[in-house]
Amino acid sequence: MDSLQRKEAAQQGEWAVQASGLVKTFGENRAVDGVNLNVKAGSIYGVLGPNGAGKTTTINMLATLLRPDAGSAKIFGYDVVKESHIVRQLIGVTGQFASVDETLSATENLIIFSRLLGLSRKEARQKSDELLEEFGLTEAAKRPLKNFSGGMRRRLDLAASLIAQPPLIFLDEPTTGLDPRTRSQMWDTIRRLVDTGSTILLTTQYLEEADQLADRIAVIDRGRVVAEGTVDELKASVGTSSLQLSVTNPLDIEQARRTVEQVLKVVSTVVGGKISAPMANADRVTDLLISLREAGIHLAEMSVQKPTLDEVFLTITGHGVQENDAEISTATSHKQEARV
């Protein structure tokens with residue numbers, strides 16, 4: 001079976017990633033401590049956690065850049081240790097820092113990567129032009145990379161990882177350090193990759209990024225997966241929605257609070273002139289509005305809010321996602337040896 005046939009077979013499989021009990025230790029530090037992951041083909045799977053949680057180390061094992069100390073992993077059914085040469089044909093890897101050569105132009109970088117992957121000169125030029133167009137870099141194609149912004153370099157690095165059109169793409173914190181506008185552009189690009197048949201495994205410490213992109217999320221902390229599910233499942237796991245309302249006439253606030261408690265059968269609080277109450281069933285909002293109207297109470301504002309991913313992470317781990325514990329860096333020699 002040649003490379004193209006393997007890719008086609010991989011894209012037809014149900015599971016892009018199957019990992020069981022992955023362990024990686026550096027000295028006395030157990031960076032990854034029994035991670036289990038199952039990623040469906042054709043999806044965006046988010047791995048959410050702070051620096052030092054073990055996200056990058058996990059990616060490096062799945063991408064054959066590090067050998068697991070224990071456990072096993074398969075990419076489209078191929079073992080990452082025993083069949084690493086096949087796995088490397090099925091994946092693309094984009095790390096936290098651009099791997100492009102700053103002494104060359106964007107076009108020259110992509111052509112070199114294409115030639116190294118076996119494309120002819122004509123094919124390399126064509127692929128380079130296509131990718132530069134896709135990532136909005138055509139106008140800057142011949143400009144020295146030293147004049148590129150951080151966002152442009154990240155887009156070029158992602159473009160380079162797609163030359164071989166791999167069915168599985170690892171994106172390790174791809175938008176770190178980018179401004180909001182460029183981050184949004186990268187999100188659009190990631191969505192398009194999935195629409196054209198790729199599977200994305202995305203690590204991030206940006207809660208909004210996971211919320212916006214991921215079909216499923218694994219929350220990883222101190223080397224372990226501490227929660228897994230869809231965004232809605234994770235939010236539901238930490239509590240119900242919250243009702244927030246304020247009244248037009250401040251003199252009505254106490255009566256409004258009693259009405260809220262009677263209709264919703266909950267205990268409410270009043271903070272800063274705003275009534276807050278847990279709400280397990282959003283359908284009861286209609287009943288509450290009718291009761292408030294019958295009591296002659298006019299609302300100035302009302303909203304029903306789901307728990308945020310920030311609240312999910314804080315509840316599950318006991319600390320915020322932005323806490324910064326430096327993760328053990330992986331050996332450069334391993335990365336060079338197994339470079340995709």
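Thresholds, definitions, all that
- Residues numbered from 1 in each chain as written.
- Predicted model: local features only at pLDDT ≥ 70, side-chain atom pairs only at ≥ 80, totals over all residues.
- Heavy atoms only, no water.
- Core = buried A, V, L, I, M, F, W, Y, C linked by side-chain atoms within 4.5 Å.
- Buried < 20%, exposed > 50% of the residue type's maximum accessible area, 1.4 Å probe, protein only.
- Helix = DSSP H or I, 4+ residues; strand = E, 2+ residues; numbered from the N terminus.
- Contact = heavy atoms within 4.5 Å.
- Pairing = 2+ DSSP bridges.
- Axes fitted to C-alpha atoms, helices over the stretch in contact; angles between N-to-C directions.
- Phe/Tyr/Trp six-rings, centres within 6.5 Å; stacked < 30°, edge-to-face > 60°.
- Lys NZ or Arg CZ within 6 Å of the ring centre and 35° of its normal.
- Expected span 1.5 Å × (residues − 1).
- Salt bridge = Lys/Arg side-chain N within 4 Å of Asp/Glu carboxyl O.
- Arc of directions from axis to C-beta.
- Parallel < 35°, antiparallel > 145°, perpendicular 65-115°, else oblique.
- Left-handed = near helix turned anticlockwise from the far one by under 90°.
- Nonpolar A, V, L, I, M, F, W, Y, C, P; charged D, E, K, R; others polar.

Visitor: Is there a simple way to explain the nonpolar core in this structure?
Guide: The tendency in soluble globular proteins is for nonpolar side chains to be buried side by side. If you look at the biggest cluster of nonpolar residues, it comprises 31 residues, and the most contacted ones within it are Val 17, Leu 22, Leu 62, Ile 75, Leu 168, Phe 170 and Leu 201. Of all the elements in the fold, those that place two or more residues in this core are strand 1 (15-26), strand 2 (29-40), strand 3 (44-48), helix 2 (55-62), strand 4 (70-75), helix 3 (84-90), strand 7 (168-172) and strand 9 (216-221). Excluding residues within four positions of it along the chain, Leu 22 makes contact with Val 32, Asp 33, Gly 34, Val 35, Met 61, Leu 62, Pro 68, Ala 70, Gly 71, Ser 72 and Ala 73. Membership of the second largest hydrophobic core comes to 30 residues, among which are Ile 44, Ala 106, Trp 187 and Ile 200.

Visitor: Help me out: how do you make sense of the sheet that holds strand 13 (residues 274-279) in this one?
Guide: Remark on secondary structure: sheet strands pair via backbone hydrogen bonds, oriented parallel or antiparallel. Reading across the sheet, the four strands line up as 12-13-11-14 and stay open at both edges, with antiparallel pairing between neighbours. In the strand order of this sheet, the two ends are held by strand 12 (269-271) and strand 14 (299-305), each with one partner. In this sheet, neighbouring strand axes are inclined to one another by 20° on average, regardless of whether the strands run parallel or antiparallel. With three bridges joining them, strand 12 and strand 13 adopt antiparallel strand pairing. Within strand 13, the position partnered with Val 270 by the bridge is Ile 275. In the packing of helix 10 (residues 253-264) onto the sheet, contacts are made with strand 11 (241-247), strand 12 and strand 13, and the angle to strand 13 comes to roughly 5°. Sheet strands touched by helix 11 (residues 284-294): strand 11, strand 13 and strand 14. Its angle to strand 14, the strand with the most contacts, is close to 165°.

Visitor: Is there a simple way to think about the packing of aromatic side chains in this case?
Guide: Here the distance between the centres and the angle between the planes together describe a pair of aromatic rings. Per the stated rule, a full pass over the model turns up zero aromatic pairs. For Arg 183, the ring lying beneath its charged end belongs to Tyr 206, and the centroid distance is 4.1 Å.

Visitor: How should the environment of Leu 201 be read in this particular structure?
Guide: Relative to the elements of secondary structure, Leu 201 occurs in strand 8 (residues 199-204). Accessibility expressed as a relative area gives 1% for Leu 201, which makes it buried. Linking Leu 201 and Ser 43, residues 158 residues apart in sequence, is a C-alpha distance of 8.3 Å.

Visitor: Which parts of the structure should I look at to understand helix 6 (residues 150-161)?
Guide: Two residues of an α-helix separated by three or four positions point the same way, owing to the 3.6 residues in each turn. In this model, helix 6 (twelve residues) spans 17 Å end to end at C-alpha, consistent with the 16 Å of a helix rising 1.5 Å per residue. Most of helix 6 sits out of view: eleven of its twelve residues are buried. Those residues of helix 6 not exposed but buried are Gly 151, Met 152, Arg 153, Arg 154, Arg 155, Leu 156, Asp 157, Leu 158, Ala 159, Ala 160 and Ser 161. Each element contacted by the buried residues of helix 6 is listed here: strand 6 (91-94), helix 4 (106-116), helix 5 (121-134), strand 7 and helix 7 (180-195).

Visitor: Sorry if this is basic, but what is going on with the environment of Asn 29 here?
Guide: Checked against the element boundaries, Asn 29 lands in strand 2. Separated by 194 residues in sequence, Asn 29 and Gly 223 have C-alpha atoms that sit 9.8 Å apart.

Visitor: I would appreciate a short explanation of the pattern of salt bridges in the present structure.
Guide: When the charged atoms of two side chains with opposite charge come close together, those side chains can pair. Applying the stated criterion across every chain yields a total of 18 salt bridges. For the salt bridge of Lys 55 with Glu 173, the shortest nitrogen-to-oxygen distance reads 3.3 Å. Residue Lys 55 is located in helix 2, and its partner Glu 173 is located in the loop between strand 7 and helix 7; the two are separated by 118 residues in the primary sequence. For Glu 254, the salt bridge identified is with Arg 257, shortest N-O distance 2.4 Å. Within this pair, Glu 254 and its partner Arg 257 are both found in helix 10, separated by three residues, close to a single helical turn. On the basis of relative accessibility, which here comes to 37%, the residue Glu 254 falls in the partly exposed class. Residues participating in the shared-partner salt-bridge network are Glu 254, Arg 257, Arg 258 and Glu 261.

Visitor: It is not clear to me how helix 7 should be interpreted in this structure. Could you clarify?
Guide: Counted at 1.5 Å a residue, the expected span for helix 7 with its 16 residues is 22 Å, and the 23 Å between its end C-alpha atoms agrees. Residues Thr 182, Arg 183, Met 186, Trp 187, Thr 189, Ile 190, Leu 193 and Val 194 constitute the buried set of helix 7. The buried side chains of helix 7 occupy one side of the element, clustering within an arc of 165° when seen end-on. Helix 7 presents Pro 180, Arg 181 and Asp 195 as exposed residues on the side facing more than 90 degrees away from its buried surface. As for helix 7, its buried residues are in contact with strand 3, helix 5, helix 6, strand 7, strand 8 and helix 8 (207-213).

Visitor: What am I meant to see in unusual backbone geometry here?
Guide: Negative phi is the rule for most residues except glycine; trans is the rule for most peptide bonds. Located in the positive-phi region is Arg 222, a residue other than glycine, with phi close to 50°. Arg 222 gets classed as exposed once you look at its relative accessible area, which sits at 55%. Positive phi, close to 60°, is recorded for Lys 265, a residue that is not glycine. Relative to the helices and strands, Lys 265 is located in the loop between helix 10 and strand 12. You can call Lys 265 exposed: its relative accessible area is 65%.

Visitor: What is the right way to look at the packing of helix 6 against helix 7 in this model?
Guide: The geometry of a pair of packed helices is captured by two quantities: the angle between their axes and the separation between those axes. Their axes nearest at 10 Å, the elements helix 6 and helix 7 cross at an angle of 15°. Relative to helix 7, the element helix 6 lies roughly parallel. When you trace helix 6 past helix 7, the crossing you get is right-handed. When helix 6 is examined against helix 7, the residues Gly 151, Arg 154, Arg 155 and Leu 158 are found in contact with a partner set consisting of Thr 182, Gln 185, Met 186 and Thr 189. In terms of residue class, the contact of helix 6 with helix 7 is made up of two nonpolar, four polar and two charged.

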